[in-house]
Amino acid sequence: MKYTFPFIVLASLLLTSCGSRDQTPSKRVIGTWNCAYTNYYPNGKQTTATETEFFPNGTFATESTIGIFITNNIASPVIRTTTVSGNGVWHVENGFLFETVTNSSSSPAGSESKHQIIMLNGQTFSYRDQNGDVHTATRKQ
């Protein structure tokens, strides 16, 4: 009986410390993520490859390479590639990642986006964008 109380205290400490390993989404999103996807259109397609780094202080930096391929049933498709970059602030709330642009080569300052987090673990970040499209990013190694 005299060992019951210390055992309970030790078990409580172990359970508490094990539970602290389960990070909140705000902590799991911190790091660098790569995402690539393609949108298809009747006369071509657009490819996007993005790398975004979320910092612990609530800021982010992102860079995207966008390729536009227009076919229009011609022998030589028109290909144009551009790179856009930007940064801003972010936070996670109620299962959504909110981003506000503070500086960008393509969007005005103050532009906001809201992404529904579908899955966020150590290596995979799946989210639904404002258009309803689902994207999956992988953590940069």
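Our structure is the block above this text.
Everything numeric here is computed off the predicted structure, so don't read it as measured data.

**Some points on the nonpolar core**
Ranked by internal contacts, the top residues of the largest apolar core, which has 13 residues, are V29, W33, F54, W90, L97 and F125. Elements supplying a minimum of two residues to this core: β1 (31-41), β4 (78-93), β6 (112-120) and β7 (124-128).

**Focus: the sheet that holds strand β8 (residues 134-139)**
Ordered in space as β1-β2-β3-β4-β5-β6-β7-β8, the 8 strands form a closed barrel in which the pairing is antiparallel. Within this sheet the neighbouring strands show an average axis-to-axis angle of 30°, counted without direction. Strand direction decides the pairing type here: β6 and β7, joined by 4 bridges, are antiparallel. For I117, the partnering residue across the bridge sits in β7 and is Y127.

**Here we look at the side chain of R139**
Mapped onto the elements of the fold, R139 is located in strand β8. Side-chain polar atoms of R139 contact the backbone oxygen of R28, separated by 2.7 Å. Among residues more than four places away in sequence, those in contact with R139 are R28, I30, G31, T32, W33, N121, G122 and Q123.

Rules used in this analysis
- Residues numbered from 1 in each chain as written.
- Predicted model: local features only at pLDDT ≥ 70, side-chain atom pairs only at ≥ 80, totals over all residues.
- Heavy atoms only, no water.
- Core = buried A, V, L, I, M, F, W, Y, C linked by side-chain atoms within 4.5 Å.
- Buried < 20%, exposed > 50% of the residue type's maximum accessible area, 1.4 Å probe, protein only.
- Helix = DSSP H or I, 4+ residues; strand = E, 2+ residues; numbered from the N terminus.
- Pairing = 2+ DSSP bridges.
- Axes fitted to C-alpha atoms, helices over the stretch in contact; angles between N-to-C directions.
- Polar contact = N/O pair within 3.5 Å; in protein donor to acceptor, adjacent residues only side chain to side chain.
- Contact = heavy atoms within 4.5 Å.

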